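Now for the letters of each chain:
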Amino acid sequence: MTSADAPRPPLLTLTGVAKTYEGGTVALSGVDAEIRRGDFVSLVGPSGCGKSTLLRIVAGLIAPSAGNVRWHTTDGARPADVGFVFQDATLMPWASVLDNVHLPLKLRGIALEKARPQLMDALARVGLADFAGAFPRELSGGMKMRVSLARALVTEPPVLLMDEPFAALDEFTREKLDDDLLDLWRSQRWTVIFVTHSIYESVYLSERVLVMGARPGRVLGEVAIGAPHPRGAAFRRSHDYADHCAAVSVALREGVRP
Amino acid sequence: MNGEDSVLSRFTRIAVPAAAGVVFLGIWEASVRLGDVPLFVLPPPSAIGASLVANFGSLMGSLWVTLRVTLMAFVLAAVGGIGLAILFSQSRRIEMALFPYAVVLQVTPVVAIAPLILIWVGYDRVELAVLILAWMVAFFPILSNTTLGLRSADHNLRDLFRLYGASRWQVLSELQLPSALPYILAGMKISGGLALIGAVVAEFVAGSGTGAGLAWRIVEAGYRLDIPRMFAALFLLSVLGITIFFSLTWVEHRLLRRWHESAVRREF
């Protein structure tokens, strides 16, 4: 599949979104963007460009100081089901892997026994079916991240928001998780907004890369990645990939220039 | 570490302090006997043991009185401390209003408040006064630790709960209380010891009611210069304190061993 497919309907429109924190720090100023249904969009930028802030505004965790976040849903509100993956696995250390993945359903009043098939399915999708009874501290960093991903997937959310999810992992684990994430995205057709500071990761994963600049945080430009799926090791070695990385890099550098 | 080593180390861990204790008691016994130290200055361990046996009935009765007051004060401190901390976590305003007074309660020496409490409660209900005083000493560590623990829940997890539309009650029961558990248990460990100290100090100051606690036995033995009995009561107080400490340590280990860094056994 390529980006030449029929245009998808918009899911989310951001107009003039700005955020000034108490104390006067301008995290974001005037961000316009449109996310379409089924998109895989990356937000790339240096530290302090407000990409995490933008993601949290989209999630509804913080309110923008100005501007507008419009969801193209029937009631105009954020879909009730949104998966969120943090940079840290953010697991409850006192709960087993199964109980951690159960959390979103438990908060909705679905008991463990009723949810179990769904939970095991989510764990199987991230390759952790054998670790349901383990505790987070017994797992490696990559496995913890997989649990976090399974927890985000268990409600089958139409939208997945990811805040530098694999940034703390080693290169091998990260590439493996990138591939797994792409497989899941292709089979589930969610909309993914993926925050990263890695140019390579953004190009490898996304259909569109929104390049952001700092002080104040803003969107500098957009790079479309037209490469077909499935992408794999061959894509990582291709000229196409290198060209896209160069394009994102140039867009970033232009933003850094005073 | 192989199995033999760990057995050996467990044996050594008990044997070494035990041997040190025996040596200490031996030196004590010998020096008192050889130096002709009078019984009312420093009795030898053998005399203390004999006194413990001779006064077993009355001392055990007193042990029970002290234990009961200590446990009641501890349980009430735990219930009150955790309850108030939960209330604080639900309303910043209530916390702002009440926390300073909890601190006042804590920093005012219990000995200084004792006469007042005694007057209010009445001299015919000394045991209640002792209980209140012991509670006042034991209450604060649980309150402050639980308050801190409830606030220490991971912020990203808190966001996640919000994202999934968790209710206040769900955030409290599923996130804040489990996060606070190690803090609560640490507070309880401090309070367990303080409840005993509070019970003893309060009995010193307020006197005893119908049943005399161990503190009263010590005062009484002092009046009569029955120093072996004084030591016997002191010994029982130590045993009580140690028992409380190790029971709470055991509970802590049972509850935290699977997940908290403080309780997890490392293999290397």
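Residues numbered from 1 in each chain as written. Chains lettered and ligands numbered in written order. Predicted model: local features only at pLDDT ≥ 70, side-chain atom pairs only at ≥ 80, totals over all residues.

Draft legend 1. Spatial organisation of the overall build of chain A. Helix and strand content of chain A: eight helices and nine strands. Taken over C-alpha atoms, the radius of gyration comes to 18 Å for chain A, in line with the 18 Å a tight globule of 258 residues would show. Dimensions of chain A, computed from the C-alpha atoms along their principal axes, are close to 55 × 45 × 35 Å. Across the 258 residues that make up chain A, the buried fraction comes to 40%. Here the contacts in chain A between residues at least 6 apart in sequence split such that 73% fall between residues at least 24 apart. (Helix = DSSP H or I, 4+ residues; strand = E, 2+ residues; numbered from the N terminus. Rg over C-alpha atoms; globule rule 2.2 N^0.38 Å. Buried ≥ 20, exposed ≤ 12 C-beta atoms within 10 Å, placed from the backbone. Contact = placed C-beta atoms within 7 Å.)

Draft legend 2. Expanded view of the sheet that holds strand E1 (residues 10–20) of chain A. All names here are of chain A. Ordered in space as E2-E1-E4, the three strands form an open sheet in which the pairing is antiparallel. With one partner strand each, in any of the chains shown, strand E2 (26–36) and strand E4 (66–71) form the two edges of the open sheet. Here the average twist between neighbouring strands, direction ignored, is 10°. Bridging between E1 and E4 involves five bridges; their strand directions are antiparallel. Pairing of Leu14 across the sheet is with Val69, part of E4. (Pairing = 2+ DSSP bridges. Axes fitted to C-alpha atoms, helices over the stretch in contact; angles between N-to-C directions.)

Draft legend 3. Layout of the interface of chain B and chain A. In this assembly, 16 residues from chain B lie in contact with 14 residues from chain A. By residue number, the principal contributor to the side of chain B that touches chain A is helix H7 (residues 155–163) of chain B, which donates seven residues. Looking at the side of chain B that touches chain A residue by residue, the class counts come to nine nonpolar, three polar and four charged. (Nonpolar A, V, L, I, M, F, W, Y, C, P; charged D, E, K, R; others polar.)

Draft legend 4. Summary view of the sheet that holds strand E9 (residues 218–224) of chain A. All names here are of chain A. Across the sheet, which stays open at both edges, the six strands sit in the order E5-E6-E7-E3-E8-E9 with mixed pairing between neighbours. With partners counted over all chains shown, the strands left at the sheet margins are strand E5 (82–85) and E9, one partner each. The mean angle between the axes of side-by-side strands here comes to 15°, regardless of whether they run parallel or antiparallel. Judged from the four bridges that link them, strand E3 (residues 40–44) and strand E8 (residues 208–213) form a sheet pairing that is parallel.

Draft legend 5. Up close: unusual backbone geometry. Residues and elements named next belong to chain A. Residue Pro216 follows Arg215 across a cis peptide bond; omega there is -10°. We note that Thr90 has phi near 55°; this positive angle belongs to a residue other than glycine. Assignment of secondary structure puts Thr90 in the loop between E5 and helix H2 (97–106). The exposure class of Thr90 is buried, given the 23 C-beta atoms found within 10 Å. Residue Glu156 is not a glycine yet carries a positive backbone phi of 50°. On the secondary structure map, Glu156 appears in the loop between helix H4 (141–153) and strand E6 (159–163). Using a count of 12 C-beta atoms within 10 Å as the deciding quantity, one classes Glu156 as exposed.

Draft legend 6. Expanded view of the environment of Glu34 of chain A. All names here are of chain A. Residue placement: Glu34 occurs in strand E2. Distance in space between the C-alpha atoms of Glu34 and Val69 is 9.9 Å, their sequence separation being 35 residues. Ignoring any residue separated from it by four or fewer positions in sequence, one finds Glu34 in contact with Pro10 and Thr13.

Draft legend 7. Molecular detail of the packing of H7 of chain B against helix H8 (residues 168–206) of chain B. Residues and elements named next belong to chain B. Packing of H7 against H8 brings their axes to within 11 Å, and their N-to-C directions diverge by 140°. With respect to H8, the element H7 is oriented oblique. Remark: the crossing between H7 and H8 carries right-handed chirality. Taking contact as the criterion, the partners of Leu157, Arg158 and Phe161 in H7 are, on H8, Gln170, Val171 and Leu175. Residues that form the contact of H7 with H8 fall into these classes: four nonpolar, one polar and one charged. (Parallel < 35°, antiparallel > 145°, perpendicular 65-115°, else oblique. Left-handed = near helix turned anticlockwise from the far one by under 90°.)

Draft legend 8. Structural view of the confidence of the model for chain B. Looking at chain B as a whole, its pLDDT mean stands at 90, while 94% of the residues score no less than 70. Reported for the predicted complex are a pTM of 0.85 and an ipTM of 0.87. (pLDDT = per-residue confidence, 0-100.)

Draft legend 9. How the structure looks around the nonpolar core. Formed by 75 residues in total, the largest nonpolar core has its most connected members in Phe84, Val101, Ala150, Leu161, Ile193, Val211 and Val248 of chain A. A per-element tally of this core places H4 of chain A first, with six residues. Beyond its immediate stretch of four places on either side in the chain, Ile193 of chain A contacts Ile35, Val41, Leu43, Leu55, Val58 and Leu161 of chain A. Grouped together as the second largest cluster of nonpolar side chains are 55 residues, Ala114, Leu133, Leu196 and Ala221 of chain B included. (Core = buried A, V, L, I, M, F, W, Y, C linked by C-beta atoms within 7 Å.)

Draft legend 10. Quick look at the packing of H8 of chain B against helix H10 (residues 227–256) of chain B. All names here are of chain B. Viewed as axis vectors pointing N to C, H8 and H10 meet at an angle of 170°, and their least axial separation amounts to 10 Å. With respect to their mutual orientation, H8 and H10 come out roughly antiparallel. Together, Leu181, Pro182, Leu185, Met188, Lys189, Gly192, Gly193, Leu196 and Val200 of H8 and Leu237, Leu240, Gly241, Ile244, Phe245, Leu248, Thr249, Glu252, Leu255 and Leu256 of H10 make up the contact between the two elements. Here the residues of the contact of H8 with H10 sort into 13 nonpolar, four polar and two charged.

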